Amino acid sequence: MNSNFNIYTLNVFDKRTCTNLTGSAQLIKAKEDYQYMRSTAARFIRESGNERERIIYTEILDREHSFFNSADTQKIDIETYRLEEIRLDILNRIPEYLAGAFDVLICNQDSMTNQFQAMRLIKNGRQYLKQNAWAELVQVIRRLTALLP
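Now for a quick tour of the structure. (Residues numbered from 1 in each chain as written. Predicted model: local features only at pLDDT ≥ 70, side-chain atom pairs only at ≥ 80, totals over all residues. Heavy atoms only, no water.)

## A short note on the packing of helix α5 (residues 95-107) against helix α7 (residues 134-146)
Where α5 contacts α7, the two axes come as close as 10 Å, and the packing angle between them is 30°. Relative to α7, the crossing made by α5 is left-handed. Facing Pro95, Leu98, Ala101, Phe102 and Leu105 of α5, the residues of α7 in contact are Trp134, Leu137, Val138, Val140, Ile141, Leu144 and Thr145. Here the contact of α5 with α7 is composed, by residue class, of 11 nonpolar, one polar and no charged. (Axes fitted to C-alpha atoms, helices over the stretch in contact; angles between N-to-C directions. Helix = DSSP H or I, 4+ residues; strand = E, 2+ residues; numbered from the N terminus. Left-handed = near helix turned anticlockwise from the far one by under 90°. Contact = heavy atoms within 4.5 Å. Nonpolar A, V, L, I, M, F, W, Y, C, P; charged D, E, K, R; others polar.)

## Here we look at the pattern of salt bridges
This structure, assessed with the given rule, holds seven salt bridges. Measuring nitrogen to oxygen at the nearest pair gives 3.3 Å for the salt bridge that ties Asp89 to Arg52. Within this pair, whereas Asp89 is found in helix α4 (residues 73-91), its partner Arg52 is found in helix α3 (residues 51-68), the two being separated by 37 residues in sequence. Owing to a relative accessible area of 30%, Asp89 belongs among the partly exposed residues under this scheme. (Salt bridge = Lys/Arg side-chain N within 4 Å of Asp/Glu carboxyl O. Buried < 20%, exposed > 50% of the residue type's maximum accessible area, 1.4 Å probe, protein only.)

What follows is the structure in structure tokens.
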């Protein structure tokens, strides 16, 4: 496993909600987050996307004029989240990503809220990794992530 694997922050909105930004600054940040995720999702779709993901992406782009020019950050955030979901769906099909994400979570085991459950999940995750049981490993990664503070 690659111990230097870096996981993109799963919630792009945390950066904005943790600070006291003015309304206009929040709108600018929401638009920046959307544009970043739009280009990232496009790259992922181009490299590894399936037809369903291409359709969803195209539908988002078709609606872009209605939400991107809005002053409502929630509308932009919803579409950013949809793009993030596409990206994560693609990543969850890439064994190297899953192995790296699992490795990062193992390194963070000490900070997990339930050590017993974390140890059990890590043990199961190692078995799934050996068996190339990627769908099962995705579930372990989600459950381990939920144990992080």
